[in-house]
Amino acid sequence: SSGINAEYGAALMERFSFRPIMITVSLGLGAIFIANCFFNRILSNAVYIAMSSIFRIFAGVFTGFVSVTSFGVLTKLVPTRIAFVTALAEAALNGAQAFGPYLGGVLYEQGGFSLAFWVPGLVMIGCVLLELTVPYVNTVPEQTDENDAKKVYTDPWLMLAAWHCAACQVLLYFHLPTMAPFVERALGEDIVWTGIALLVNTSTIIISAPPLGWLIDRFNPYFFVILSALILPFLYMFIGPLPFFGIASSKLQLLLVLALLGFFVPMGCTPILLIMFEVYKFRNGGKISISASNTIVSVYCSCFPLGAVLGSFSAGIVSLYAPFELSTGVLGIIFILQSIFAIVYCWRVVKMRDAMKLKLSPEQTPLLS
């Protein structure tokens with residue numbers, strides 16, 4: 001629901017400014033968390049599951065709005081550092097995903113079921129005060145042109161860039177559902193060690209994302225996409241590792257691969273928003289409207305939950321027929337095709353961009369080049 005609803009975030013930003021949206025989202029999420037405090041009083045398991053599922057869907061809807069409006073505001077506040085602010089947002093997202101379950105566990109141990117929802121609910125409502133201090137950013141176009149959004153959705157060069165971002169996210173989530181049984185079987189460790197290993201992966205993303213974003217803004221973003229594409233498929237073959245390699249699984253090997261994934265997956269995703277802006281500009285006369293910018297941000301944000309869903313869902317199905325080492329290794333082999341596509345894509349886009357620059361006047365030259 002988060003990924004699907006991200007697409008509606010662009011439409012909302014064109015009708016309202018970002019501040020009313022963020023305030024509404026914060027209050028909505030706060031209300032959802034606080035409502036969950038009382039679910040432990042429901043005696044029927046069926047009713048409990050139904051209510052929890054409904055509220056989770058609503059939470060996904062609101063978080064979809066959060067990602068779109070946050071990315072949209074950041075890219076407009078710092079338009080010359082698109083990759084850097086994108087990396088900061090990704091680091092914050094991964095930090096919350098890593099810290100959230102730990103905080104929930106601590107709150108549950110200290111105060112039971114209700115406290116684990118009261119605290120985040122009140123924190124979300126308190127975020128309204130912070131949102132009031134954010135500088136005003138105009139996300140409402142003077143004249144809404146539906147063709148601008150249509151140009152984004154119907155441009156294959158934009159959608160292909162977005163797909164590469166989603167494909168990279170598949171590599172970040174495919175191993176999550178089945179890694180704990182593999183660690184217990186192959187390494188003799190429990191789920192706590194698995195959690196620590198995944199924390200290494202997340203920590204790498206948080207630490208490396210800001211400097212990586214700075215480098216992408218400073219140098220050629222296409223170079224980083226290509227470098228990531230060259231390394232990721234072979235790196236994923238070693239997460240098991242692939243049985244054909246004849247290499248025994250070890251804790252050090254698994255930790256090292258997870259850490260490297262936390263560096264090279266964002267390297268493939270972070271430049272994509274910058275590239276999408278640039279591609280739209282040089283394919284539309286060197287200009288980009290607010291409506292088109294909002295739509296591009298919404299498409300980019302939806303790539304992350306799309307990749308997460310595809311990765312986790314496919315892993316659950318494949319695990320019924322293949323062991324962890326084989327399934328991850330084969331995915332790495334399949335990803336070679338995606339890597340070839342990414343390299344060819346970058347080469348073609350750069351050629352088209354350079355050809356278009358010759359036709360544009362200096363005033364129309366894309367700012368994101």
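For the structure itself, look to the data block above.
These lines cover the structure that appears in this document, whether it is placed above or below. (Residues numbered from 1 in each chain as written. Predicted model: local features only at pLDDT ≥ 70, side-chain atom pairs only at ≥ 80, totals over all residues. Heavy atoms only, no water.)

1. Notes on the packing of aromatic side chains
Inference 1: If you walk through the whole model with that rule in mind, you get 9 aromatic pairs.
Inference 2: Centroid distance phenylalanine 223 to phenylalanine 224: 5.4 Å. Interplanar angle 80°. Geometry classified as edge-to-face.
Inference 3: In this structure phenylalanine 224 comes out as buried when scored by relative accessible area, which is 7%.
Inference 4: A connected cluster of aromatic rings, assembled from ring pairs, spans Trp157, Phe341 and Tyr345. (Phe/Tyr/Trp six-rings, centres within 6.5 Å; stacked < 30°, edge-to-face > 60°. Buried < 20%, exposed > 50% of the residue type's maximum accessible area, 1.4 Å probe, protein only.)

2. Notes on the packing of helix H10 (residues 251-283) against helix H11 (residues 290-318)
Any two packed helices are characterised by the angle at which their axes cross and by the distance between the axes.
Inference 1: Between H10 and H11, whose axes approach to 10 Å, the crossing angle comes to 150°. By the angle class used here, H10 and H11 are roughly antiparallel. Crossing of H10 against H11: the hand is right-handed. Contact residues: H10 offers Cys269, Thr270, Ile272, Leu273, Met276, Phe277 and Tyr280, while H11 offers Ala292, Ser293, Ile296, Val297, Val299, Tyr300 and Phe304.
Inference 2: In the contact of H10 with H11, the residues fall into 12 nonpolar, 2 polar and no charged. (Axes fitted to C-alpha atoms, helices over the stretch in contact; angles between N-to-C directions. Helix = DSSP H or I, 4+ residues; strand = E, 2+ residues; numbered from the N terminus. Parallel < 35°, antiparallel > 145°, perpendicular 65-115°, else oblique. Left-handed = near helix turned anticlockwise from the far one by under 90°. Contact = heavy atoms within 4.5 Å. Nonpolar A, V, L, I, M, F, W, Y, C, P; charged D, E, K, R; others polar.)

3. Overview of helix H2 (residues 18-36)
Inference 1: Spanning 19 residues, H2 covers 27 Å between terminal C-alpha atoms, matching the ideal 27 Å at 1.5 Å per step.
Inference 2: Among all positions of H2, only Phe18, Ile21, Met22, Ile23, Val25, Ser26, Gly28, Leu29, Gly30, Ile32, Ile34 and Asn36 are buried. (Expected span 1.5 Å × (residues − 1).)

4. Some remarks on empty space enclosed by the protein
Inference 1: Evaluation of the coordinates by the stated rule reveals 1 cavity of 30 Å³ or more.
Inference 2: Of the voids in this model, the largest cavity is the one considered here, and its volume is about 50 Å³.
Inference 3: Around the largest cavity sit Leu160, Ala161, His164, Val225, Ile272, Ile275, Phe341, Ala342, Tyr345 and Cys346, which together line it.
Inference 4: For the lining of the largest cavity, the leading source of residues is helix H12 (residues 324-359), giving 4 residues.
Inference 5: Grouping the constituent residues of the lining of the largest cavity by class yields 9 nonpolar, 1 polar and no charged. (1 Å grid on protein atoms, 1.4 Å probe; cavity = no way out; pocket = protein on both sides within 12 Å on 5 of 7 lines; lining within 4 Å. Points joined across faces, edges and corners; volume = space filled by probe spheres on them.)

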